[in-house]
Amino acid sequence: MFDEKRIILLTQPLATKEEVIRYLTHMENDCVQNADLYEQAVSDREVSFATYTIDGVAIPHAKSSAVETPFVSFARLKAPVPWGTEPGEDARMVFLIGVPEAAGGTDTNLHLKILAALSKKLMHASFRHRLEEASSTKELYQILQEIEEELK
């Protein structure tokens, strides 16, 4: 699900969660067939329920016909971005989850399994700290493989 090409250490600040979502949904990603359609699905989901979770982490996600293969992208932002509904709920790290809409043998609860595996790891301050302190995408990828192991 994770791919080093979809792990970003942003060097430019983005001002809003909409800008972050647009950036992440439109980055090079061979799992997405239509970035605009996928962005709309993520944005619609975000409007219905903000995906800020804990201590600077947001997990926007969507099921979409624009997604061909399940994936998770990760971005560590240059500067915190207001994300949640309460003051101080600013995201510094964003996990973007994409899964295909249910079709045939596709696991209809896959996004829930991914969210559960992410949440389980993110509950630990030490894990979040490792994500914040990693100095390269390669190091982040190695850390994120722990989540991938949870999904097997």
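Everything numeric here is computed off the predicted structure, so don't read it as measured data.

Definitions and cut-offs
- Residues numbered from 1 in each chain as written.
- Predicted model: local features only at pLDDT ≥ 70, side-chain atom pairs only at ≥ 80, totals over all residues.
- Heavy atoms only, no water.
- Salt bridge = Lys/Arg side-chain N within 4 Å of Asp/Glu carboxyl O.
- Helix = DSSP H or I, 4+ residues; strand = E, 2+ residues; numbered from the N terminus.
- Buried < 20%, exposed > 50% of the residue type's maximum accessible area, 1.4 Å probe, protein only.
- Axes fitted to C-alpha atoms, helices over the stretch in contact; angles between N-to-C directions.
- Parallel < 35°, antiparallel > 145°, perpendicular 65-115°, else oblique.
- Left-handed = near helix turned anticlockwise from the far one by under 90°.
- Contact = heavy atoms within 4.5 Å.
- Nonpolar A, V, L, I, M, F, W, Y, C, P; charged D, E, K, R; others polar.

**Focus: the pattern of salt bridges**
Then step 1. Within the structure shown, the criterion is met by nine salt bridges.
Then step 2. A salt bridge links Arg6 to Asp30; the nearest nitrogen and oxygen atoms lie 4.0 Å apart. Remark: Asp30 occurs in the loop between α1 (17-26) and α2 (35-48) and Arg6 occurs in the segment before β1 (7-9); sequence separation between them is 24 residues.
Then step 3. Since its relative accessible area comes to 6%, Arg6 is described here as buried.
Then step 4. What makes Asp30 exposed here is its relative accessible area of 60%.
Then step 5. Here Arg128 makes a salt bridge to Asp55, at a shortest N to O gap of 3.1 Å.

**Brief notes about the packing of helix α3 (residues 110-122) against helix α5 (residues 137-150)**
Then step 1. Following both chains from N to C, one finds α3 and α5 inclined at 130 degrees, their axes separated by 9 Å at the closest point. Between α3 and α5, the interaxial angle falls into the category oblique. Judged by the sense of rotation from one axis to the other, the crossing of α3 with α5 is right-handed. Here Ala117, Leu118, Lys120 and Lys121 of α3 lie close against α5, whose contacting residues are Glu146, Ile147 and Glu150.
Then step 2. Among the residues making up the contact of α3 with α5, the classes are represented as three nonpolar, no polar and four charged.

Shape is all these values report; function is a separate question.
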